[in-house]
Amino acid sequence: MTDRAISKEAMLTSLRDIHLPAEAPGGFVADLAVAVGLACLAALVIAALLRALSLKARPNSARTLQDRLAALADRSEAERRVALLHLLREHQPDRYAELRGALYRPGNGLDLALLEAEVARRV
């Protein structure tokens, strides 16, 4: 280096001669890694958004079992049987497991009155 200052024109001329290399070492691999990383990140964001949009609200569990039984009164026999089985499975899983075998017997071995009595014991 010299002790004298260079002129503005000389400095600008020397800057124009600087050229970056066309390919940096590992350029293709680095570009590919960035592209794959961004695609994975975008997929995670989209999956999280779809999951948040598709989640159903949990049923109101503040309702008592007696309220839920009263709501079944106006349904058909088949709908009541299914709803009573769900209630029994939810509140008395061990008793449900005992009755589950009768579900697939010919002639439907589970009587509606039996189910109502089982669930009513819980009330």
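Report on the accompanying structure. (Residues numbered from 1 in each chain as written. Predicted model: local features only at pLDDT ≥ 70, side-chain atom pairs only at ≥ 80, totals over all residues. Heavy atoms only, no water.)

**A few points about the overall build of the chain**
Part 1: Within the chain one finds six helices and zero strands.
Part 2: Tracing the chain from N to C terminus, the helices and strands come up as α-α-α-α-α-α.
Part 3: Expressed as a percentage of the 123 residues in the chain, the buried residues total 15%.
Part 4: Contacts in the chain between residues far apart in sequence, at least 24 positions, make up 49% of those at least 6 positions apart. (Helix = DSSP H or I, 4+ residues; strand = E, 2+ residues; numbered from the N terminus. Buried < 20%, exposed > 50% of the residue type's maximum accessible area, 1.4 Å probe, protein only. Contact = heavy atoms within 4.5 Å.)

**Points about a nonpolar patch on the surface**
Part 1: Residues Val34, Leu38, Leu41, Val45 and Leu49 make up a contiguous nonpolar surface patch of about 480 Å² in total accessible area.
Part 2: Looking at the element boundaries, Leu38 is found in helix 2 (residues 27-54). (Patch = residues over 30% accessible without salt bridge, like charges linked within 9 Å, V, L, I, M, F, W, Y side chains within 5 Å. Areas by Shrake-Rupley, 256 points an atom, 1.4 Å probe, with all protein chains shown as cover. Salt bridge = Lys/Arg side-chain N within 4 Å of Asp/Glu carboxyl O.)

**As for the packing of aromatic side chains**
Part 1: In total, this model carries zero aromatic pairs according to the counting rule given.
Part 2: Across from the ring centre of Tyr96, 5.9 Å away, lies the NZ or CZ of Arg89, which sits over that ring. (Phe/Tyr/Trp six-rings, centres within 6.5 Å; stacked < 30°, edge-to-face > 60°. Lys NZ or Arg CZ within 6 Å of the ring centre and 35° of its normal.)

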